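Listed here are the chains, written in short residue letters.
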Amino acid sequence: MKKILIVWINSKIWKLFCNEYCDVFNIYWTFSSKTESCSDKRFHLDLSNLSSVDDFIEKTWDIQFDWVIYLSSLYQIDDIDNIGDMVKQINVNALNIYYLVNKLNLKHNSKNIFFTDWWTKVPKKWYFSYTLSKDILKSLVASMAIKDKDRIFVWFDLWPIITDKIWEENKNFHNKSLLRVDSPSKWLTSFMKFIIDEENFYSTWSIFDFTWGTYLFRNN
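It should be emphasised that the depicted structure is a prediction, and the values quoted were computed from it without experimental measurement.

**Comments concerning the packing of aromatic side chains**
At step 1: With the rule as written, the count across this model stands at 19 aromatic pairs.
At step 2: With 5.4 Å between their ring centres and 15 degrees between their planes, F115 and F156 make a pair best called stacked. Highlighted residues: F115 in strand β5 (residues 106-117) and F156 in strand β6 (residues 152-158), separated in sequence by 41 residues.
At step 3: Taken together, a centroid distance of 6.1 Å and an interplanar angle of 90 degrees make the contact between F156 and F191 edge-to-face. Taken together, the positions of F156 in strand β6 and F191 in helix α6 (residues 184-197) put the pair 35 residues apart, joining distant regions of the chain.
At step 4: For F156, a relative accessible area of 0% puts it in the buried group.
At step 5: Among the aromatic residues, those joined into a ring-pair cluster are F115, F156, W187, F191, F194, F201, F208 and F210.
At step 6: Its guanidinium or amino end placed over the ring of Y28, K41 lies 5.6 Å from that ring's centre, counting from NZ or CZ.

**Concerning the side chain of N112**
At step 1: Note that N112 resides in strand β5.
At step 2: Within polar-contact distance, the side chain of N112 engages the side chain of Y70 at 2.9 Å.
At step 3: A distance of 3.4 Å separates a polar atom in the side chain of N112 from a polar atom in the side chain of S110.
At step 4: Leave out the neighbours within four places in its chain, and N112 touches V68, Y70, L106, R151, I152, F153 and V154.

**A few points about the pattern of salt bridges**
At step 1: A complete count under the given rule lists 6 salt bridges for this structure.
At step 2: With a shortest N-O distance of 3.2 Å, K59 and D55 are connected by a salt bridge. Separated by 4 residues within a single helix, K59 and D55 lie in helix α2 (residues 50-60), roughly one turn from each other.
At step 3: With a closest N to O distance of 3.4 Å, K107 and D66 form a salt bridge. Highlighted residues: K107 in strand β5 and D66 in strand β4 (residues 65-70), separated in sequence by 41 residues.
At step 4: Judged by relative accessible area, which is 29%, K107 ranks as partly exposed.
At step 5: Using a relative accessible area of 9% as the deciding quantity, one classes D66 as buried.

**Quick look at unusual backbone geometry**
At step 1: Although it is not a glycine, W8 sits at a positive phi angle of roughly 90 degrees.
At step 2: Along the chain, W8 falls in the loop between β1 (3-7) and α1 (12-21).
At step 3: A relative accessible area of 17% places W8 in the buried class.
At step 4: With a phi angle near 60 degrees, W205 is a residue other than glycine that sits in the positive phi range.
At step 5: Inspection of the secondary structure assignment puts W205 in the loop between α6 and β7 (206-210).

**Things to note about the pairing of β7**
At step 1: What you see with β7 is a clean split: S206, F208 and F210 sit on the buried side and I207 and D209 on the side with no burial.
At step 2: Sheet analysis places β6 next to β7, joined by 5 bridges and oriented parallel. Note on β7: the bridge partner recorded for F156 is F208.

**Some details on α2**
At step 1: By the burial criterion, the buried members of α2 are S52, V53, F56, I57 and T60. Buried residues along α2 cover an arc of 140 degrees about the axis, so they all sit on one side. With respect to the buried face of α2, the exposed residues turned more than 90 degrees away are S51, E58 and K59.
At step 2: Considering only its buried residues, α2 is in contact with β1, β2 (26-31), β3 (42-44), β4 and α3 (83-103).
At step 3: N-capping of α2 is provided by N49, with a side-chain oxygen placed 2.8 Å from the backbone N of S51.

**Some points on the packing of α1 against α6**
At step 1: Two elements in contact, α1 and α6, have axes separated by 10 Å at closest approach and are oriented at 70 degrees. It follows from the interaxial angle that α1 and α6 lie roughly perpendicular. As for the relative orientation of α1 and α6, their crossing is right-handed in sense. Residues I13, L16, F17, E20 and Y21 of α1 form the contact with α6, whose participating residues are S185, K186, L188, T189, S190, M192, K193 and I196.
At step 2: Looking at side-chain class alone, the contact of α1 with α6 contains 7 nonpolar, 3 polar and 3 charged residues.

Rules of the game
Residues numbered from 1 in each chain as written. Predicted model: local features only at pLDDT ≥ 70, side-chain atom pairs only at ≥ 80, totals over all residues. Heavy atoms only, no water. Phe/Tyr/Trp six-rings, centres within 6.5 Å; stacked < 30°, edge-to-face > 60°. Helix = DSSP H or I, 4+ residues; strand = E, 2+ residues; numbered from the N terminus. Buried < 20%, exposed > 50% of the residue type's maximum accessible area, 1.4 Å probe, protein only. Lys NZ or Arg CZ within 6 Å of the ring centre and 35° of its normal. Polar contact = N/O pair within 3.5 Å; in protein donor to acceptor, adjacent residues only side chain to side chain. Contact = heavy atoms within 4.5 Å. Salt bridge = Lys/Arg side-chain N within 4 Å of Asp/Glu carboxyl O. Pairing = 2+ DSSP bridges. Arc of directions from axis to C-beta. Axes fitted to C-alpha atoms, helices over the stretch in contact; angles between N-to-C directions. Parallel < 35°, antiparallel > 145°, perpendicular 65-115°, else oblique. Left-handed = near helix turned anticlockwise from the far one by under 90°. Nonpolar A, V, L, I, M, F, W, Y, C, P; charged D, E, K, R; others polar.

As C-alpha cells, this is what we get:
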C-alpha cells in the first residue's frame, strides 16, 4: 500500500478528508503540539522551528513517501508591534515548507499537494503576513516543479469551503459563489482522492481553482 504523509492534521480539510478516506490509505500524520503521543506513524513536526523539521526528517528518512499533502497554515491578523509573529506566519505557511519538501525522502513521481488562497489577490486589511506567505508559496511550488522534474507539484487555490455559521448566515456564505456548489468540501476531498489514486496523472505545476468565482463578490 502506498504511503501518504499529511503535514498538519489539525486542518479542517484533513478532518474532512479523513472522515471519508482514512481507512483507504497508509497514512503518516504530523502534529505541531508536543503533547500529542508519537508512534511509528504519528510524528511531532513544528514548522515554525527548523530544528523540529530536521528532527522529523531524521526520524522518517527510511520512509519513502508516495504522496504528501501539505495542510499547514497560520491565519492571524498582523500585529505590527510583534514582527516575530508576522515572520512566523511566513515561515510556517511557505519558507519552512520549502525546506521540508527538499529534505523529505520522496519517491519518483511522488505527488505533492499544497493549498493557497485565491483571495490574496484582494487581501484583507491587516493580513499582510498571511497574504505574502501564500503568494510566496505559489512561487515556491512553481520553482519546485521546475527544479525537480521527477516529482509532481500541484496546488489548490481555495476560498473557505466550510463554515461554522448557521441558518441564514450559512446560506449567505455558500451563496457568495458564482457557481452554486451544494457541498464544496465533498467536491474538494473527492478530487484530492482522484489525484492521489490516478496513476496517469502527471500535471506538475498545475493550479486547481476551487474558488467558484467567489472573489468576484468580495467586498472587504
